[in-house]
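Residue-level structure breakdown
What follows is the residue order along each chain.
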Number of protein chains: 2
Amino acid sequence: MPPPIEDAWPAVCLVRPQMGENIGAVARVLLNFGLISLRLVAPRDRWPNPKAEQVAVGADVVLKNAKVEWKLEDALADATLVLAATARPRGLEKPVWGPREAASKLRAAIAAGERPVVMFGPEASGMETDEIARADAILTLPVNPGFASLNLANAVAVFAYAFAEARQETDAPSWFRLDNPPATQEELEGMFNHLEQELEHGRFFHPIDKAPLMKRNLRALFLRARLTQQEAQTMRGVIKALTIGRGGRKKDDA
Amino acid sequence: MPPPIEDAWPAVCLVRPQMGENIGAVARVLLNFGLISLRLVAPRDRWPNPKAEQVAVGADVVLKNAKVEWKLEDALADATLVLAATARPRGLEKPVWGPREAASKLRAAIAAGERPVVMFGPEASGMETDEIARADAILTLPVNPGFASLNLANAVAVFAYAFAEARQETDAPSWFRLDNPPATQEELEGMFNHLEQELEHGRFFHPIDKAPLMKRNLRALFLRARLTQQEAQTMRGVIKALTIGRGGRKKDDA
């Protein structure tokens, strides 16, 4: 018998999952397809969750090692590439990939040293737009337009299966640069916050009710560019250089 | 929004399913990927099953239209191509296909007028060898050898997703003859029974404890040949011609 498969990347991140049974079912199907890294953001019920353990069957190790965070930004802090599984891209300017394309790109990214995380939303409502906005790309499944709402574990099953198929591919796509380390979400977040504070100071976000949309669009633009660590640093230097001497800057905004 | 997808073929056949929740989850994920034909063989609990309806969510139409039979041969009677989803081919001489290959071949078969059925075994134990022996080919999923036991609905999800991807392919493989109608399982079953009775009469199955294996190997041979209706009829003529005048034949064995 061939050896067990236990790939640490990609990690799967469940955003505000509700039912313990579904979390357990996700753990099981991840390990079925050789994935072991589960992250949970603000699970509705208490954690650890006995129902999750019951459904996970032999995959309790995936549950035990699951990283639980209250804030999505903490769960994504070390990620260098983030996918959001959703049927509704809602007008965000992001690449949209099917499972095969996503799996193939993730495989190439991991080979290049990246740390990708794939987000799945809560059972009933899906992810919020601001959560999806953190993603570099959208993962969509080719579902029936007449009945598109998938069970959470089934959606993860399809992705994990597609990733398992991609393990056997021999041609690595060249979407990812190999020369320089990519920026993590934490580094990008620091840059965005810096930029947004300075833009607020300059009354850029006008009218004010359009501010969230304007921020999302700015983020989408930089996410698409796939900044390296160095470039994220450079951008912060740019922001500083552009704003220096404007006066009234708070001390903590760099 | 594009129109709903509701493909009558392939049908999915759950062999001796145990938990109503799993049957409901299968119905849901079938409709998620545009498949509507569900067959159940000897479900463990009473039918209709309220737990199945609860889990099926908006896919109750798939449950309502499900064909329920007590014997597998009745559930497969009209099928012209049968796949068995199993991780353990157990030495049967049958083609083994991954989800993509299976989906692609099924699509071509349906375009050629075939009626394919994909069997999935019970949750705990999987299918019996005699059940798997009825299949023309084996469907295997690329699972982790260290943790291969999939939840039933997740296994169906992977297959249904692969079939949905195959809908978008433009190149139809030419595995299937288009000229003559293929034999149904019922027609093949009649031929096998006829052949086996005559072989028993001729004491072919010796030693007797090897009879089941010998029968399975014979069936596998003819299934691989993908007989047409005409060829199945011809084979029965051959058997008659070979056995006529042996004496002692029972009246009901043709």
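To be clear, the structure that these remarks concern was listed above.
From a predicted model like this one, the values you see are computed outputs, not experimental measurements.

Remarks on the relation of the copies chain B and chain A
For the pair chain B and chain A, the relating rotation is 180 degrees, the translation along its axis is 0.0 Å, and the fit reaches an RMSD of 0.1 Å. Classification of the inter-copy transformation places it as that of a two-fold axis. Most of the interface of chain B is mirrored in chain A, where 100% of its interface residues are also at the interface.

Focus on the sheet that holds strand S5 (residues 96–97) of chain B
Residues and elements named next belong to chain B. Ordered by their spatial adjacency, seven strands build an open sheet running S3-S2-S1-S6-S4-S7-S5, and the pairing between neighbours is parallel. Among the strands making up the open sheet, the edge pair consists of strand S3 (67–69) and S5. Bridge count between S5 and strand S7 (residues 137–139): two bridges; the pairing is parallel. Opposite Trp97, over in S7, you have Leu139 as the bridge partner.

Some points on the pairing of strand S6 (residues 116–120) of chain A
Residue and element names in this part refer to chain A. With five of five residues buried, S6 is to be regarded as a mostly interior element. Residues Pro116, Val118 and Phe120 line one face of S6 and the alternating positions Val117 and Met119 line the opposite face, and both faces are buried. As defined by bridge partners, strand S1 (residues 11–15) adjoins S6 across four bridges and the pair is classed as parallel. Within S6, the residue paired with Val12 across the bridge is Val118. Inspection of the sheet shows strand S4 (residues 81–85) paired to S6 by five bridges, in the parallel sense. The residue bridging Val82 from the neighbouring strand is Val117, located in S6.

Reading the values: the criteria
- Residues numbered from 1 in each chain as written.
- Chains lettered and ligands numbered in written order.
- Predicted model: local features only at pLDDT ≥ 70, side-chain atom pairs only at ≥ 80, totals over all residues.
- Heavy atoms only, no water.
- Least-squares fit on C-alpha atoms with pLDDT ≥ 70 in both.
- Contact = heavy atoms within 4.5 Å.
- Pairing = 2+ DSSP bridges.
- Helix = DSSP H or I, 4+ residues; strand = E, 2+ residues; numbered from the N terminus.
- Buried < 20%, exposed > 50% of the residue type's maximum accessible area, 1.4 Å probe, protein only.

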